[in-house]
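Single-letter residue listing:
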Amino acid sequence: MKQTITEITNLLKAQQSIASIQEQDYYQDERKGVQSAIKRRIKQLEKEQALFDKYIEMSQFENEILKINESARICGIDEVGRGPLAGPVVACAVILNKDHRFTGLNDSKQLSAKKRNELESELTSKVYAYAYGSASVEEIDTINIYEATKLAMKRAIAALEVRPDHLLIDAMELDTDIPQTSIIKGDAKSISIAAASVLAKEYRDRYMRELSKKYNFYGFEKNAGYGTQQHLDGIKKYGIISEHRKSFEPIKSHFN
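Residues numbered from 1 in each chain as written. Predicted model: local features only at pLDDT ≥ 70, side-chain atom pairs only at ≥ 80, totals over all residues. Heavy atoms only, no water.

Under an unreviewed UniProt entry, the chain has the name Ribonuclease HII and belongs to Staphylococcus gallinarum. Per its UniProt entry, the chain bears the Sequence similarities (unreviewed entry) comment "Belongs to the RNase HII family." On record in UniProt, under Function (unreviewed entry), the comment for the chain is "Endonuclease that specifically degrades the RNA of RNA-DNA hybrids." (UniProt positions renumbered as here; feature names shortened; annotations may be inferred.)

As structure tokens, then:
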């Protein structure tokens, strides 16, 4: 008796490779519903394979270090909030768990809010260690955003419960005796830095959403402090608050 389309669709869910699907008798079934189900499953598997390939590619820096020291605690570091007109700059330091497999992890700017939220939940429950560091608006205005970013990163590293053996840092070099590798666009090239990117963004976005409850005319819950039209209109109408960066334009020219 020929299997129903529903039965074949359910059987397809158990297939974990395109080759295994092609070996099944139903692969030659000419019914339109069966062929549609096969195409859907193949497309899903191709997407999963692409995510896994990307994950492997983004693990290369970590794997090179592990070849030298297989027990090395590798710490990915990234920041968020260098460009906004308001709020702190936030960094995160992450040491991934052994045998991790965070497929789908990428530069936080390339991920949807839903995906970042899902990854944050997975990362905070599974990684070996993570910690945040920040530099305040006052520090940004005093020492400049570049130095404040490095300060936030060093604070994140210091807040870790364990000392890392090697740092992978997104486009920065830090004054530290811990061996480090600076990677341009590291949040898209290193799985550890990408993890830090996601956690840092989620942490800072929450901070700005909370701030918007007190100052609801700047749109912080949507723009995270960046200079959107709503934010600029709010500044023009209501002025600035203590969380605004006085050294950033257009605030610097109009309010200093």
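(A) Fine view of the packing of aromatic side chains. Inspection of the entire model under this criterion finds six aromatic pairs. On the basis of an interplanar angle of 20° and a centroid distance of 5.2 Å, the ring pair of tyrosine 218 and phenylalanine 220 is categorised as stacked. Connected via pairs of aromatic rings, a cluster forms that spans Phe217, Tyr218, Phe220 and Tyr238. Geometry around phenylalanine 248 places arginine 245 over its ring, the cationic atom sitting 5.1 Å from the centre. (Phe/Tyr/Trp six-rings, centres within 6.5 Å; stacked < 30°, edge-to-face > 60°. Lys NZ or Arg CZ within 6 Å of the ring centre and 35° of its normal.)

(B) Highlighting the layout of surface pockets. The computed volume of the largest pocket comes to approximately 430 Å³. Around the largest pocket sit 19 residues that line it, and Leu66, Leu96, Asn97, Lys98 and His100 are the ones nearest its centre. Going through the elements one at a time, α3 (32-57) and α4 (60-68) are the ones with two or more residues in the lining of the largest pocket. The element contributing the most residues to the lining of the largest pocket is α4, with three residues. Structurally, the lining of the largest pocket is a two-domain feature, drawing no fewer than three residues from each of domain 1 (5-67) and domain 2 (73-201). Looking at the second largest pocket, it is lined by 13 residues, and the ones nearest its centre are Lys47, Glu48, Gln49, Leu51 and Phe52. Looking at which element gives the most residues to the lining of the second largest pocket, the answer is α3, with seven residues. (1 Å grid on protein atoms, 1.4 Å probe; cavity = no way out; pocket = protein on both sides within 12 Å on 5 of 7 lines; lining within 4 Å. Points joined across faces, edges and corners; volume = space filled by probe spheres on them. Helix = DSSP H or I, 4+ residues; strand = E, 2+ residues; numbered from the N terminus. Domains from an automatic or database assignment.)

(C) Spotlight on the sheet that holds strand β1 (residues 74-80). As summarised here, the arrangement of the five strands in space is β3-β2-β1-β4-β5, forming an open sheet in which the pairing is mixed. Among the strands making up the open sheet, the edge pair consists of β3 (129-135) and β5 (180-183). Direction aside, neighbouring strands of the sheet carry axes that sit 20° apart on average. With six bridges connecting them, β1 and strand β2 (residues 89-95) associate as antiparallel partners. Its bridge partner lying in β2, valine 80 is registered against valine 90. Packed on one face of the sheet, helix α7 (residues 145-159) meets β1, β2, β3 and β4 (166-170) and runs near 150° to β3. (Pairing = 2+ DSSP bridges. Axes fitted to C-alpha atoms, helices over the stretch in contact; angles between N-to-C directions. Contact = heavy atoms within 4.5 Å.)

(D) Spotlight on the pairing of β2. With respect to burial, β2 is a largely interior element, seven of its seven residues being buried. Neither face of β2 is open: one carries Val89, Ala91, Ala93 and Ile95, the other Val90, Cys92 and Val94, and all of them are buried. Pairing of β2 with β3, which is carried by seven bridges, proceeds in the antiparallel orientation. When the bridges of β3 are listed, valine 94 appears paired with tyrosine 130. (Buried < 20%, exposed > 50% of the residue type's maximum accessible area, 1.4 Å probe, protein only.)

(E) The arrangement of helix α8 (residues 191-214) in detail. Over its 24 residues, α8 runs 36 Å from end to end, which matches the ideal 34 Å to within 8%, given 1.5 Å per residue. The element α8 is largely enclosed, with a buried count of 17 among its 24 residues. A distance of 3.3 Å separates the backbone nitrogen of serine 192 from a side-chain oxygen at the start of α8, and that oxygen is part of serine 190. (Expected span 1.5 Å × (residues − 1). Polar contact = N/O pair within 3.5 Å; in protein donor to acceptor, adjacent residues only side chain to side chain.)

(F) Molecular detail of the environment of threonine 142. Take threonine 142: it is sitting in helix α6 (residues 137-143). A sequence separation of 105 residues divides threonine 142 from serine 247, and the C-alpha atoms of the two residues are 8.4 Å apart.

(G) Representation of the UniProt feature "binding site: a divalent metal cation" (unreviewed entry) in the chain within the structure. Mapped onto the present numbering, the UniProt feature "binding site: a divalent metal cation" (unreviewed entry) falls on Asp78, Glu79 and Asp170. In summary, the annotated positions, though distributed over 93 residues, converge in three dimensions, the widest C-alpha pair being only 8.0 Å. Here aspartate 78 shows up in strand β1. Looking at the element boundaries, aspartate 170 is found in strand β4. Once you skip the residues sitting within four places of it in the chain, aspartate 170 turns out to touch Ile77, Asp78, Met153, Ile183, Ile184, Lys185, Gly186, Asp187 and Ile193.

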